[in-house]
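Chains, contacts and geometry: an overview
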Amino acid sequence: MSGLSTPSVIPFPRLRLWLLAVPVLLLIAYLVLMDNGAISQTGAYLHELMHDGRHLLGVPCH
Amino acid sequence: MVRTLLVRGLLLGLLAGLIAGGFAFAYGEPRVDSAIALEEAHAAREAPGHHHGEEELVGRPGQKAGLFLATGLYGLAVGGVFALVYAGLRGRVGPRSEGGLALAAAGTAFVAVILVPFVKYPANPPAVGDPDTIGSRTLLYVVTILVGLAATAIAVATARRVTAGPWARWVAAVAAFLVPVVAAWTLLPTVNEVPDGFPATLLWQFRLASLGTQLVFWTAFGVLFGWVSDRAARRAAAVPATAALPV
Ligand SMILES: [Zn+2]
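Please read these numbers as outputs of a predicted model, since none were measured by experiment.

Calculation notes
Residues numbered from 1 in each chain as written. Chains lettered and ligands numbered in written order. Predicted model: local features only at pLDDT ≥ 70, side-chain atom pairs only at ≥ 80, totals over all residues. Heavy atoms only, no water. Helix = DSSP H or I, 4+ residues; strand = E, 2+ residues; numbered from the N terminus. Buried < 20%, exposed > 50% of the residue type's maximum accessible area, 1.4 Å probe, protein only. Areas by Shrake-Rupley, 256 points an atom, 1.4 Å probe, with all protein chains shown as cover. UniProt positions renumbered as here; feature names shortened; annotations may be inferred. Contact = heavy atoms within 4.5 Å. Buried area = accessible area lost by both parts, 1.4 Å probe. Salt bridge = Lys/Arg side-chain N within 4 Å of Asp/Glu carboxyl O. Polar contact = N/O pair within 3.5 Å; in protein donor to acceptor, adjacent residues only side chain to side chain. Expected span 1.5 Å × (residues − 1). Domains from an automatic or database assignment. Nonpolar A, V, L, I, M, F, W, Y, C, P; charged D, E, K, R; others polar.

With that settled, consider the overall build of chain A. Assigned secondary structure in chain A consists of 5 helices and 0 strands. In chain A, the succession of α and β elements from N to C terminus is α-α-α-α-α. Counting only residues that meet the buried cut, chain A has 42% of its 62 residues in that class. When the accessible surface of chain A is summed, it comes to about 3,200 Å², and 72% of that surface belongs to carbon and sulfur atoms.

Shown next as C-alpha coordinates:
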(Lines give C-alpha, C1' and ligand atoms only; values in the text may rest on other atoms or scores of the structure.)
Protein backbone atom coordinates (compact mmCIF):
# COMPACT_ATOMS: atom_id res chain seq x y z
CA MET A 1 0.00 0.00 0.00
CA SER A 2 3.04 2.28 -0.02
CA GLY A 3 2.02 3.49 -3.48
CA LEU A 4 -1.16 4.98 -2.01
CA SER A 5 0.22 6.53 1.15
CA THR A 6 3.38 8.09 -0.34
CA PRO A 7 3.05 8.85 -4.05
CA SER A 8 6.35 8.92 -5.89
CA VAL A 9 7.78 12.41 -6.22
CA ILE A 10 8.60 13.39 -9.82
CA PRO A 11 12.01 15.14 -9.93
CA PHE A 12 11.79 18.66 -11.35
CA PRO A 13 14.35 18.03 -14.16
CA ARG A 14 12.01 15.34 -15.53
CA LEU A 15 9.12 17.83 -15.49
CA ARG A 16 10.94 20.67 -17.20
CA LEU A 17 10.59 19.49 -20.80
CA TRP A 18 6.84 18.92 -20.37
CA LEU A 19 6.36 22.49 -19.24
CA LEU A 20 6.78 23.44 -22.92
CA ALA A 21 3.18 22.23 -23.32
CA VAL A 22 1.94 25.03 -21.05
CA PRO A 23 2.25 27.89 -23.60
CA VAL A 24 0.44 25.75 -26.20
CA LEU A 25 -2.39 24.97 -23.75
CA LEU A 26 -2.65 28.60 -22.68
CA LEU A 27 -2.86 29.60 -26.37
CA ILE A 28 -5.83 27.22 -26.80
CA ALA A 29 -7.52 28.74 -23.73
CA TYR A 30 -6.80 32.24 -25.07
CA LEU A 31 -8.31 31.44 -28.48
CA VAL A 32 -11.46 30.07 -26.81
CA LEU A 33 -11.87 32.74 -24.15
CA MET A 34 -10.32 36.01 -25.24
CA ASP A 35 -9.35 36.20 -28.92
CA ASN A 36 -11.40 38.44 -31.17
CA GLY A 37 -9.74 37.31 -34.39
CA ALA A 38 -6.44 39.06 -33.68
CA ILE A 39 -4.33 35.90 -33.38
CA SER A 40 -6.55 33.27 -35.01
CA GLN A 41 -6.85 35.44 -38.18
CA THR A 42 -10.29 34.00 -38.86
CA GLY A 43 -11.89 37.39 -38.45
CA ALA A 44 -14.73 37.10 -35.98
CA TYR A 45 -15.72 33.57 -37.01
CA LEU A 46 -14.11 31.63 -34.12
CA HIS A 47 -15.26 34.33 -31.71
CA GLU A 48 -18.87 34.06 -32.93
CA LEU A 49 -18.83 30.26 -32.92
CA MET A 50 -17.63 29.96 -29.32
CA HIS A 51 -19.37 33.10 -28.14
CA ASP A 52 -21.93 31.48 -25.79
CA GLY A 53 -19.18 29.42 -24.15
CA ARG A 54 -17.14 32.52 -23.50
CA HIS A 55 -20.06 34.28 -21.79
CA LEU A 56 -21.11 31.21 -19.77
CA LEU A 57 -17.55 30.39 -18.68
CA GLY A 58 -17.56 33.85 -17.12
CA VAL A 59 -15.01 35.65 -19.28
CA PRO A 60 -15.59 39.32 -20.23
CA CYS A 61 -17.03 39.82 -23.71
CA HIS A 62 -19.02 42.24 -25.91
CA MET B 1 4.91 9.25 -15.67
CA VAL B 2 4.48 12.92 -16.58
CA ARG B 3 3.21 11.87 -20.01
CA THR B 4 0.56 9.62 -18.41
CA LEU B 5 -0.57 12.45 -16.15
CA LEU B 6 -0.68 14.97 -19.02
CA VAL B 7 -2.75 12.67 -21.24
CA ARG B 8 -5.05 11.95 -18.28
CA GLY B 9 -5.52 15.68 -17.65
CA LEU B 10 -6.20 16.46 -21.33
CA LEU B 11 -8.76 13.68 -21.83
CA LEU B 12 -10.57 14.06 -18.51
CA GLY B 13 -10.52 17.85 -18.97
CA LEU B 14 -12.19 17.42 -22.37
CA LEU B 15 -14.79 15.09 -20.82
CA ALA B 16 -15.48 17.41 -17.86
CA GLY B 17 -15.69 20.33 -20.33
CA LEU B 18 -18.38 18.52 -22.31
CA ILE B 19 -20.29 17.71 -19.08
CA ALA B 20 -20.10 21.40 -18.09
CA GLY B 21 -21.24 22.23 -21.63
CA GLY B 22 -24.34 20.10 -21.02
CA PHE B 23 -25.11 22.06 -17.85
CA ALA B 24 -24.53 25.38 -19.65
CA PHE B 25 -26.77 24.27 -22.51
CA ALA B 26 -29.63 23.36 -20.16
CA TYR B 27 -29.40 26.24 -17.67
CA GLY B 28 -27.41 28.97 -19.44
CA GLU B 29 -28.64 29.01 -23.03
CA PRO B 30 -32.25 30.02 -22.16
CA ARG B 31 -30.81 33.12 -20.38
CA VAL B 32 -28.54 33.91 -23.33
CA ASP B 33 -31.57 33.67 -25.65
CA SER B 34 -33.55 36.06 -23.40
CA ALA B 35 -30.66 38.54 -23.30
CA ILE B 36 -30.25 38.46 -27.09
CA ALA B 37 -34.02 38.96 -27.54
CA LEU B 38 -33.83 42.03 -25.28
CA GLU B 39 -30.82 43.32 -27.22
CA GLU B 40 -32.66 42.95 -30.54
CA ALA B 41 -35.84 44.55 -29.22
CA HIS B 42 -33.74 47.48 -27.98
CA ALA B 43 -32.00 47.84 -31.36
CA ALA B 44 -35.36 47.75 -33.16
CA ARG B 45 -36.65 50.54 -30.89
CA GLU B 46 -33.57 52.67 -31.57
CA ALA B 47 -33.96 52.36 -35.35
CA PRO B 48 -37.57 51.42 -36.16
CA GLY B 49 -38.16 49.95 -39.58
CA HIS B 50 -34.44 49.77 -40.19
CA HIS B 51 -33.40 46.18 -40.48
CA HIS B 52 -30.03 45.08 -39.18
CA GLY B 53 -27.43 45.40 -41.91
CA GLU B 54 -24.90 43.17 -40.17
CA GLU B 55 -24.78 39.63 -41.49
CA GLU B 56 -24.65 36.94 -38.84
CA LEU B 57 -21.48 34.87 -39.21
CA VAL B 58 -22.83 32.07 -37.04
CA GLY B 59 -26.55 31.60 -36.34
CA ARG B 60 -27.99 30.75 -32.93
CA PRO B 61 -28.08 26.95 -33.56
CA GLY B 62 -24.42 27.13 -34.62
CA GLN B 63 -23.54 29.06 -31.48
CA LYS B 64 -25.29 26.48 -29.31
CA ALA B 65 -23.18 23.74 -30.91
CA GLY B 66 -20.13 26.00 -30.57
CA LEU B 67 -20.82 26.11 -26.82
CA PHE B 68 -19.71 22.48 -26.54
CA LEU B 69 -16.64 23.18 -28.69
CA ALA B 70 -15.76 26.08 -26.37
CA THR B 71 -16.26 24.22 -23.06
CA GLY B 72 -14.56 21.09 -24.46
CA LEU B 73 -11.45 22.97 -25.64
CA TYR B 74 -11.43 24.98 -22.41
CA GLY B 75 -11.50 21.72 -20.42
CA LEU B 76 -8.73 20.22 -22.54
CA ALA B 77 -6.43 23.21 -22.03
CA VAL B 78 -7.19 23.67 -18.33
CA GLY B 79 -6.97 19.90 -17.69
CA GLY B 80 -3.53 19.75 -19.30
CA VAL B 81 -2.16 22.63 -17.23
CA PHE B 82 -3.74 21.14 -14.09
CA ALA B 83 -2.05 17.77 -14.73
CA LEU B 84 1.41 19.39 -15.00
CA VAL B 85 0.87 21.38 -11.79
CA TYR B 86 -0.39 18.19 -10.14
CA ALA B 87 2.77 16.37 -11.29
CA GLY B 88 4.87 19.03 -9.56
CA LEU B 89 2.79 19.05 -6.35
CA ARG B 90 2.47 15.28 -5.92
CA GLY B 91 4.32 14.04 -2.83
CA ARG B 92 5.53 17.61 -2.10
CA VAL B 93 2.44 19.63 -1.18
CA GLY B 94 -1.05 18.73 -0.01
CA PRO B 95 -2.81 15.42 0.71
CA ARG B 96 -0.75 12.27 0.32
CA SER B 97 -3.37 10.22 -1.50
CA GLU B 98 -3.79 10.76 -5.23
CA GLY B 99 -7.55 11.22 -5.02
CA GLY B 100 -7.23 13.57 -2.05
CA LEU B 101 -4.67 15.72 -3.83
CA ALA B 102 -6.75 15.85 -7.02
CA LEU B 103 -9.87 16.98 -5.15
CA ALA B 104 -7.96 19.50 -3.02
CA ALA B 105 -6.16 20.94 -6.05
CA ALA B 106 -9.36 21.16 -8.14
CA GLY B 107 -11.26 22.80 -5.26
CA THR B 108 -8.42 25.28 -4.70
CA ALA B 109 -8.26 26.04 -8.43
CA PHE B 110 -12.01 26.76 -8.50
CA VAL B 111 -11.67 29.23 -5.62
CA ALA B 112 -8.49 30.91 -6.90
CA VAL B 113 -9.15 31.06 -10.65
CA ILE B 114 -12.97 31.23 -10.81
CA LEU B 115 -14.41 32.54 -7.54
CA VAL B 116 -11.83 35.30 -6.91
CA PRO B 117 -12.41 36.91 -10.35
CA PHE B 118 -16.19 36.26 -10.22
CA VAL B 119 -16.73 38.19 -6.98
CA LYS B 120 -15.12 41.32 -8.48
CA TYR B 121 -16.03 40.93 -12.14
CA PRO B 122 -19.09 38.63 -12.38
CA ALA B 123 -20.11 37.06 -15.69
CA ASN B 124 -22.42 39.06 -17.93
CA PRO B 125 -24.88 37.90 -20.60
CA PRO B 126 -24.83 39.34 -24.13
CA ALA B 127 -26.40 42.84 -24.19
CA VAL B 128 -24.46 43.78 -21.04
CA GLY B 129 -21.11 45.45 -21.57
CA ASP B 130 -19.53 48.19 -23.64
CA PRO B 131 -17.53 46.81 -26.62
CA ASP B 132 -15.08 49.72 -26.30
CA THR B 133 -13.90 48.62 -22.85
CA ILE B 134 -13.37 44.92 -23.67
CA GLY B 135 -9.57 45.37 -23.61
CA SER B 136 -9.40 46.86 -20.13
CA ARG B 137 -12.09 44.50 -18.76
CA THR B 138 -10.18 41.45 -20.04
CA LEU B 139 -6.95 42.77 -18.52
CA LEU B 140 -8.59 43.34 -15.12
CA TYR B 141 -10.09 39.85 -15.26
CA VAL B 142 -6.67 38.30 -15.93
CA VAL B 143 -5.19 40.36 -13.08
CA THR B 144 -7.75 38.91 -10.63
CA ILE B 145 -6.84 35.38 -11.78
CA LEU B 146 -3.16 36.13 -11.14
CA VAL B 147 -4.05 37.56 -7.70
CA GLY B 148 -5.95 34.35 -6.88
CA LEU B 149 -3.00 32.19 -7.91
CA ALA B 150 -0.45 34.33 -6.04
CA ALA B 151 -2.66 34.32 -2.92
CA THR B 152 -2.83 30.52 -3.10
CA ALA B 153 0.97 30.26 -3.24
CA ILE B 154 1.25 32.66 -0.26
CA ALA B 155 -1.34 30.63 1.69
CA VAL B 156 0.48 27.33 1.08
CA ALA B 157 3.87 28.81 2.00
CA THR B 158 2.40 30.34 5.17
CA ALA B 159 0.66 27.12 6.24
CA ARG B 160 3.90 25.17 5.90
CA ARG B 161 5.63 27.47 8.37
CA VAL B 162 2.98 27.04 11.07
CA THR B 163 3.79 24.10 13.34
CA ALA B 164 1.15 24.75 16.04
CA GLY B 165 -1.30 22.10 14.83
CA PRO B 166 -3.89 21.72 12.06
CA TRP B 167 -6.33 24.41 13.26
CA ALA B 168 -3.63 27.08 13.47
CA ARG B 169 -2.40 26.05 10.03
CA TRP B 170 -5.85 26.32 8.46
CA VAL B 171 -6.52 29.72 10.05
CA ALA B 172 -3.10 30.97 8.90
CA ALA B 173 -3.66 29.65 5.36
CA VAL B 174 -7.13 31.20 5.00
CA ALA B 175 -5.92 34.54 6.42
CA ALA B 176 -2.87 34.56 4.14
CA PHE B 177 -5.15 33.88 1.18
CA LEU B 178 -7.79 36.47 2.06
CA VAL B 179 -5.50 39.44 2.80
CA PRO B 180 -4.17 39.90 -0.77
CA VAL B 181 -7.51 38.85 -2.31
CA VAL B 182 -9.63 41.31 -0.32
CA ALA B 183 -7.02 44.03 -0.93
CA ALA B 184 -7.28 43.41 -4.70
CA TRP B 185 -11.09 43.37 -4.59
CA THR B 186 -11.00 46.73 -2.79
CA LEU B 187 -8.31 48.44 -4.86
CA LEU B 188 -9.13 47.30 -8.40
CA PRO B 189 -11.56 49.54 -10.33
CA THR B 190 -15.24 48.55 -10.34
CA VAL B 191 -16.90 47.75 -13.67
CA ASN B 192 -20.64 48.23 -14.00
CA GLU B 193 -21.94 48.27 -17.55
CA VAL B 194 -25.40 46.82 -16.91
CA PRO B 195 -27.77 49.00 -18.98
CA ASP B 196 -30.59 50.80 -17.16
CA GLY B 197 -33.73 48.69 -17.10
CA PHE B 198 -31.98 45.37 -17.73
CA PRO B 199 -34.03 42.76 -15.80
CA ALA B 200 -32.33 42.00 -12.47
CA THR B 201 -33.76 38.48 -12.36
CA LEU B 202 -32.32 37.60 -15.76
CA LEU B 203 -28.91 38.97 -14.75
CA TRP B 204 -28.96 36.96 -11.50
CA GLN B 205 -30.06 33.77 -13.29
CA PHE B 206 -27.37 34.17 -15.94
CA ARG B 207 -24.66 34.71 -13.36
CA LEU B 208 -25.82 31.69 -11.35
CA ALA B 209 -25.79 29.55 -14.53
CA SER B 210 -22.30 30.80 -15.38
CA LEU B 211 -20.90 30.05 -11.92
CA GLY B 212 -22.73 26.71 -12.00
CA THR B 213 -21.04 25.82 -15.30
CA GLN B 214 -17.61 26.36 -13.75
CA LEU B 215 -18.62 24.51 -10.57
CA VAL B 216 -19.81 21.52 -12.63
CA PHE B 217 -16.56 21.58 -14.62
CA TRP B 218 -14.22 21.67 -11.60
CA THR B 219 -16.27 19.14 -9.61
CA ALA B 220 -16.48 16.69 -12.52
CA PHE B 221 -12.80 17.17 -13.38
CA GLY B 222 -11.56 16.82 -9.78
CA VAL B 223 -13.63 13.67 -9.16
CA LEU B 224 -12.68 12.07 -12.49
CA PHE B 225 -8.97 12.90 -12.18
CA GLY B 226 -8.85 11.73 -8.56
CA TRP B 227 -10.76 8.52 -9.28
CA VAL B 228 -8.55 7.55 -12.25
CA SER B 229 -5.35 8.46 -10.38
CA ASP B 230 -6.37 6.46 -7.29
CA ARG B 231 -7.15 3.44 -9.45
CA ALA B 232 -3.79 3.72 -11.23
CA ALA B 233 -1.94 4.03 -7.90
CA ARG B 234 -3.73 1.00 -6.46
CA ARG B 235 -2.87 -1.05 -9.52
CA ALA B 236 0.78 0.06 -9.41
CA ALA B 237 0.96 -0.82 -5.71
CA ALA B 238 -0.66 -4.23 -6.28
CA VAL B 239 1.69 -5.38 -9.05
CA PRO B 240 4.98 -5.58 -7.11
CA ALA B 241 3.15 -6.97 -4.06
CA THR B 242 1.73 -9.95 -5.94
CA ALA B 243 4.94 -10.42 -7.89
CA ALA B 244 6.85 -10.75 -4.61
CA LEU B 245 4.48 -13.42 -3.29
CA PRO B 246 6.01 -16.88 -3.27
CA VAL B 247 3.69 -19.03 -5.36
ZN1 LIG C 1 -20.33 38.62 -26.20
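Okay, back to it.
All names here are of chain B. Per the UniProt record, "transmembrane region" (unreviewed entry) is found at residues 67-89, 101-119, 139-158, 170-188 and 208-228. Here residues 67-89 is 100% helix and 0% strand, with 32 Å between the C-alpha atoms at its ends. Secondary structure over residues 208-228 splits into 100% helix and 0% strand, and the C-alpha atoms at its two ends are 30 Å apart.

To continue, consider the environment of A:Arg14. As for its placement among the helices and strands, A:Arg14 is situated in helix α2 (residues 12-16). What makes A:Arg14 partly exposed here is its relative accessible area of 49%. In contact with A:Arg14, not counting residues within four places along its chain, are B:Met1 and B:Val2.

With that settled, consider the interface of chain A and chain B. In this assembly, 39 residues from chain A lie in contact with 60 residues from chain B. When the two sides are added together, the surface that chain A and chain B hide from each other amounts to roughly 4,200 Å², 72% of it contributed by carbon and sulfur. Area buried by chain A at its contact with chain B is led by A:Leu56, A:Leu57 and A:His62, which between them contribute 18% of it. Viewed at the interface, chain B and chain A are joined by 1 salt bridge. The shortest N-O distance in the salt bridge between B:Arg60 and A:Asp52 comes to 3.0 Å. In this structure, the connection of chain A to chain B is made through 8 residue pairs in polar contact (both at pLDDT 80 or more). Every element with two or more residues in the side of chain A that touches chain B is listed here: α1 (2-5), α2, α3 (21-33), α4 (45-49) and α5 (51-56) of chain A. Residue contributions to the side of chain A that touches chain B peak at 8 residues, all from α3(A).

For B:Ala127, which is not a glycine, the phi torsion comes out positive at approximately 85 degrees. Tracing the backbone through its elements, the reader meets B:Ala127 in the loop between α3 (98-120) and α4 (134-161).

For the rest of this paragraph, the subject is α3(A). Between its first and last C-alpha atoms α3(A) spans 18 Å; for 13 residues at 1.5 Å apiece the expected length is 18 Å, and the two agree. Its buried side turned inward, α3(A) meets α5 of chain A together with α1 (2-46) and α2 (60-89) of chain B.

In this section: the environment of B:Ala87. Considering the arrangement of structural elements, one finds B:Ala87 in helix α2. Taking relative accessible area as the criterion, B:Ala87 reaches 0% and is therefore assigned buried. For the pair B:Ala87 and B:Ala157, spaced 70 residues apart in the sequence, the C-alpha separation amounts to 18 Å. When residues no more than four places from it in sequence are discounted, the contact partners of B:Ala87 are A:Ile10, A:Leu15, B:Leu5 and B:Arg92.

Moving on, we come to the domain arrangement of chain B. Reports often express the size of an interface as the amount of accessible area lost when the parts come together. All names here are of chain B. Taken domain by domain, chain B holds domain 1 (1-42 + 61-128 + 197-247) and domain 2 (130-193). Look at where the C-alpha atoms of domain 1 and domain 2 centre, and you get two points 20 Å apart. Across the boundary between the two partners, domain 1 contributes 12 residues, which contact 17 residues of domain 2. Looking at the side of domain 1 facing domain 2, the largest losses of area belong to Val116, Lys120 and Tyr121, adding up to 47% of the total buried there. There are 5 residue pairs in polar contact (both at pLDDT 80 or more) connecting domain 1 and domain 2. Tallied by class, the residues present in the side of domain 1 that touches domain 2 amount to 9 nonpolar, 1 polar and 2 charged.

Looking now at the pattern of salt bridges. Using the criterion set out here, one finds 6 salt bridges over all chains in the structure. With its nearest N and O atoms 2.8 Å apart, the salt bridge here joins B:Lys64 to B:Asp33. Highlighted residues: B:Lys64 in helix α2 and B:Asp33 in helix α1, separated in sequence by 31 residues. Given the relative accessible area of 22%, B:Lys64 is considered partly exposed. Sharing partners across several salt bridges, the network here consists of A:Asp52, B:Glu29, B:Asp33, B:Arg60 and B:Lys64.

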